[in-house]
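Residue strings, one per chain:
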Amino acid sequence: MSFTLPALPRERQLRLGLALLLGVLLFALAGPVLAPHAQDALVGQPYAPPSGAAWLGYDYLGRDVVSRLLHGGWTVLWMSLASALAALLVGAAIGILAGFAGRRTDQAIVWGTDVLLAFPDLILVLLVVSMLGREPGLIVLTVAIAFVPGVVRLARGVTMGVAKLEFVEAARLLGYPAPRILFREILPNIATPLLVHFGIMLTWAISMLAGLSLLGYGVAPPAADRGLMINENRAGLVLHPWAALAPVVLIGLFALGANLVAEGVSRLNARIGTQTRGNGHAG
Amino acid sequence: MTSQPFTRRGLLIGEDLEGRVALTVPSWLPWLLRRLLVGVATVFAITIIVFAATQALPSDPARVILGPEATEQAVAVLRGQLGLDRPLPVQYAHWLGDALRFDFGRSLDSDVEAVSIVRDRFGNSLVLMLLVLAVTIPLSLLLGVALAVRRDGRLDRVAMAGLILFKALPGFILAIGLILIFATNILPVLPAVSLLDPSRSPLAQPAYLVLPTVTLVLSILPFLVRLVRAGVIEVLEADYVAAARLRGLSERRLLWRHAVPNALVPTVQGIAMTARVLLGGAVIVEVVFSYPGLGSALNSAIEMRDIPVIQAITLLQAGLVVLVNLLADIVTVLLTPRLRTAARPTLKPGSRAAWKLSGGGT
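A quick note: this is a predicted structure, and the numbers were derived from the prediction, not measured. (Residues numbered from 1 in each chain as written. Chains lettered and ligands numbered in written order. Predicted model: local features only at pLDDT ≥ 70, side-chain atom pairs only at ≥ 80, totals over all residues. Heavy atoms only, no water.)

Asker: Would you mind showing me how to read the overall build of chain B here?
Answerer: Per the secondary structure count, chain B includes 15 helices and three strands. Put simply, of all contacts in chain B between residues at least 6 apart along the chain, 72% involve residues at least 24 apart. Summed over all atoms, the accessible surface of chain B reaches about 16800 Å², with 66% contributed by carbon and sulfur. (Helix = DSSP H or I, 4+ residues; strand = E, 2+ residues; numbered from the N terminus. Contact = heavy atoms within 4.5 Å. Areas by Shrake-Rupley, 256 points an atom, 1.4 Å probe, with all protein chains shown as cover.)

Asker: I would appreciate a short explanation of the confidence of the model for chain A in the present structure.
Answerer: The predicted coordinates ought not to be read in detail in places where the model reports low pLDDT. Of all residues in chain A, 92% attain a pLDDT of 70 or more, and the chain-wide mean is 80. By mean pLDDT, helix H10 (residues 242–282) of chain A is the weakest element of chain A at 73, and helix H3 (residues 73–100) of chain A is the strongest at 89. (pLDDT = per-residue confidence, 0-100.)

Asker: Whenever I open this one, the packing of helix H9 (residues 207–236) of chain B against helix H11 (residues 251–288) of chain B confuses me. Can you help?
Answerer: Helix-helix packing is characterised by the crossing angle of the two axes and by the distance between the axes. Residue and element names in this part refer to chain B. Between H9 and H11, whose axes approach to 8 Å, the crossing angle comes to 155°. Of the possible angle classes, the one that applies to H9 and H11 is roughly antiparallel. Two packed elements cross with a definite hand, and for H9 against H11 that hand is right-handed. (Axes fitted to C-alpha atoms, helices over the stretch in contact; angles between N-to-C directions. Parallel < 35°, antiparallel > 145°, perpendicular 65-115°, else oblique. Left-handed = near helix turned anticlockwise from the far one by under 90°.)

Asker: Where do I start with the packing of aromatic side chains in this structure?
Answerer: Given two aromatic rings, one states the distance between the centres and the angle between the planes to describe the pair. Per the counting criterion, the structure on display carries five aromatic pairs over all chains. With 5.8 Å between their ring centres and 55° between their planes, Phe147 of chain A and Trp204 of chain A make a pair best called tilted. One end of the pair, Phe147 of chain A, is in helix H6 (residues 136–163); the other, Trp204 of chain A, is in helix H8 (residues 178–215), with 57 residues separating them in the sequence. When its relative accessible area of 3% is taken as the criterion, Phe147 of chain A is described as buried. Aromatic side chains Phe51 of chain B and Trp95 of chain B sit 5.2 Å apart centroid to centroid with 40° between the ring planes, which places their arrangement in the tilted category. Separated by 44 residues along the polypeptide, Phe51 of chain B in helix H2 (residues 28–55) and Trp95 of chain B in helix H5 (residues 88–100) bring together distant segments of the chain. Trp95 of chain B matches Phe51 of chain B in its accessibility class, with the two residues each being buried. (Phe/Tyr/Trp six-rings, centres within 6.5 Å; stacked < 30°, edge-to-face > 60°. Buried < 20%, exposed > 50% of the residue type's maximum accessible area, 1.4 Å probe, protein only.)

Asker: Where do I start with the interface of chain B and chain A in this structure?
Answerer: A common way to state how big an interface is: give the accessible area lost once the parts meet. Each partner contributes residues to the interface: chain B has 57 residues there, and chain A has 51 residues. At the boundary of chain B with chain A, total buried surface from both sides reaches about 4900 Å², with 72% on carbon and sulfur atoms. At the boundary of chain B with chain A, the tally comes to two salt bridges. The tally of links from chain B across to chain A stands at seven residue pairs in polar contact (both at pLDDT 80 or more). For the side of chain B that touches chain A, the elements supplying multiple residues, two or more each, are H2, helix H7 (154–168), helix H8 (171–182), H11, helix H12 (294–304), helix H13 (307–335) and helix H15 (351–357) of chain B. When residues in the side of chain B that touches chain A are grouped by element, the largest group, eight residues, is from H2 of chain B. Looking at the side of chain B that touches chain A residue by residue, the class counts come to 37 nonpolar, eleven polar and nine charged. (Buried area = accessible area lost by both parts, 1.4 Å probe. Salt bridge = Lys/Arg side-chain N within 4 Å of Asp/Glu carboxyl O. Polar contact = N/O pair within 3.5 Å; in protein donor to acceptor, adjacent residues only side chain to side chain. Nonpolar A, V, L, I, M, F, W, Y, C, P; charged D, E, K, R; others polar.)

Asker: How should the environment of Ala220 of chain A be read in this particular structure?
Answerer: Residues and elements named next belong to chain A. With respect to the helices and strands, Ala220 occurs in the loop between H8 and helix H9 (226–233). Note: C-alpha distance between Ala220 and Pro136 (84 residues apart in sequence) is 8.8 Å. Beyond its immediate sequence surroundings of up to four residues, Ala220 is in contact with Arg134 and Leu228.

Asker: How should the packing of helix H5 (residues 121–132) of chain A against H6 of chain A be read in this particular structure?
Answerer: All names here are of chain A. Contact geometry of H5 with H6 gives a least axis separation of 9 Å together with a crossing angle of 150°. You can see that H5 and H6 cross each other, and the crossing is right-handed. The residues of H6 that touch H5, namely those facing Asp121, Leu124, Val125, Val128, Val129 and Leu132, are Leu138, Thr142, Val143, Ala146 and Phe147. Across the contact of H5 with H6, the residue classes break down as nine nonpolar, one polar and one charged.

Asker: Where do I start with H6 of chain A in this structure?
Answerer: Along an α-helix, residues three or four positions apart point the same way, because every turn accommodates 3.6 residues. Its 28 residues place the ends of H6 of chain A 38 Å apart at the C-alpha level, agreeing with the 40 Å of an ideal helix rising 1.5 Å per residue. Burial analysis of H6 of chain A places 22 of its 28 residues in the buried class, which makes it a mostly covered element. (Expected span 1.5 Å × (residues − 1).)

Asker: Before we go on, may I ask you to explain the nonpolar core in this structure?
Answerer: As a rule of thumb, nonpolar side chains are buried together in soluble globular proteins. Core analysis: the biggest nonpolar cluster contains 131 residues, and Leu126, Val143 and Phe147 of chain A together with Ile46 and Phe172 of chain B have the highest contact counts within it. Considering every element that reaches this core, the biggest residue donor is H8 of chain A, with 18 residues. What Phe147 of chain A contacts, discounting residues up to four positions off in sequence, is Ala87, Asp121, Met201, Trp204, Ala205 and Met208 of chain A. In terms of nonpolar packing, the next biggest core, distinct from the first, is built from 16 residues, Ala148, Val228, Ala238 and Ala244 of chain B among them. (Core = buried A, V, L, I, M, F, W, Y, C linked by side-chain atoms within 4.5 Å.)

Asker: Got a minute to help me understand the side chain of Asp59 of chain A in this structure?
Answerer: All names here are of chain A. Note on placement: Asp59 falls in the loop between helix H1 (12–34) and helix H2 (65–71). In this structure Asp59 comes out as buried when scored by relative accessible area, which is 1%. A polar side-chain atom of Asp59 sits 2.8 Å from the main-chain amide nitrogen of Arg63. Ignoring any residue separated from it by four or fewer positions in sequence, one finds Asp59 in contact with Gln45, Pro46, Tyr47, Val65, Arg68, Glu232, Asn233 and Ala243.

Structure, rendered in structure tokens:
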């Protein structure tokens with residue numbers, strides 16, 4: 001990454017985003033320890049309102065909403081990270097190949113991404129999830145598939161941009177083997193845009209995973225997953241809003257934090273990018 | 001990558017991380033033909049994906065139709081009648097032939113033609129989509145230009161922060177928030193669910209359309225406003241605009257004659273990209289509001305493993321995305337004089353993906 005760490009906290013939005021993400025992470029890690037009840041313990045009346053014993057009331061079955069929130073922070077967190085990471089690795093590999101390979105292969109890969117990009121991503125995910133089933137690992141895989149075409153296009157573009165620069169040409173003339181050129185010359189120079197895109201995918205993954213749970217294709221009950229909690233308690237939204245509202249707020253904060261960080265980092269990157277690009281092309 | 005102001009103007013439709021995504025191009029007819037050919041090939045590939053995916057669904061249509069009590073023999077006979085015992089490529093060829101004639105067979109769930117279900121729902125979805133676009137496009141142009149003119153001012157900063165909030169929040173959170181505010185205790189003026197009367201046009205029942213429309217508008221508005229704003233700022237800072245300013249052209253003329261028309265090109269591509277986002281986002285919004293559109297129909301078809309309906313809807317949606325992108329590329333060429341008249345126009349591959357990467361997407 002080409003920006004220095006001290007530059008990070010200067011962006012106010014970036015700082016707010018990092019704080020939110022840190023909060024979400026701590027909540028997920030410490031939650032299960034702090035929760036007063038098990039996530040599936042029936043401890044109160046269905047939809048009982050908030051009280052001293054249960055700050056956010058009870059859900060449609062009479063489970064403590066606070067306990068379920070504390071237990072359930074981890075699923076959307078690891079699943080969104082895993083799907084963004086899987087999409088990054090697979091997509092970058094294919095994209096770099098396309099950027100390196102001949103015209104034919106490149107065109108075939110680009111057309112392939114066009115085909116996949118014709119499906120609205122949630123539709124593709126629904127199609128595959130209904131096929132594969134709702135194991136958490138399979139859901140992660142499916143969400144990753146929907147994001148791969150975007151990564152391929154990005155990785156291809158930046159690879160082509162870097163591959164024609166002087167230092168790559170020099171390495172080629174010096175007779176370095178292709179893997180060395182790839183890992184030592186090209187990869188370090190395309191890492192930043194790919195990492196910025198990773199952040200953006202993370203924000204998409206959060207809303208897609210929560211949306212899947214909301215539609216009933218996410219992790220199976222009685223897990224304390226946030227999207228599932230919204231789904232389960234949606235019937236009571238009008239009269240007993242707290243049981244559905246609390247997970248809504250927490251997903252919202254997570255999504256907002258991830259967005260602010262992704263935005264802040266890409267803005268920083270753009271600023272540094274224009275500086276270096278300007279310098280690089282002056283000569 | 002030399003960037004002379006005059007090659008940038010008009011040619012520039014966006015910027016991806018490899019640098020400029022430029023449109024340089026042909027007398028546009030060969031381009032159009034090639035573009036159409038690619039579109040057809042894409043739709044063909046989409047049919048293969050849809051067919052393969054629905055084949056892999058863990059259910060047997062014959063068993064679904066006859067129910068769990070039917071004997072194995074009866075199921076086997078029906079499988080023969082439905083052609084399910086033939087090799088897959090043969091089944092695909094038959095299916096494709098029928099699909100081209102808009103025949104997807106009967107819904108496994110409700111025993112009417114799958115296409116008739118889709119037709120009813122498609123009308124409702126189309127009304128919703130067109131309404132969303134009719135609100136979003138003028139609004140994002142106005143807002144984008146207004147913010148670009150006041151860039152880094154107080155209004156700009158407040159609005160941009162607000163837009164980040166709406167961009168960050170998943171569609172269903174906006175939907176639930178709107179329901180809580182406008183359909184429950186706080187300000188109960190609108191219905192929480194869109195129980196359309198199917199015998200009347202959705203437009204005759206506007207109260208049911210308001211919340212779904214507002215949700216979808218809010219979820220795509222940030223992307224488009226930022227696109228317009230960035231486009232206008234880019235042109236306003238270009239050298240040729242500075243030259244025109246020095247020649248004494250009024251700011252108003254600069255804005256409306258130079259900046260806005262040039263910012264329209266990326267906006268057209270951006271709107272095409274939102275088609276994909278809208279169709280996906282509509283599934284969740286339609287389900288949350290119980291709006292009887294394509295998205296909620298797809299959701300229940302998947303639940304019921306109603307393969308003909310799933311096939312018809314996914315093909316229709318993917319086909320729509322291909323069509324919208326094709327139209328957007330044509331409009332882009334028409335809006336850009338250099339492309340319209342240049343000797344050899346070609347859209348660089350990846351130009352549209354650049355939009356997604358520069359902040360589009362969900």
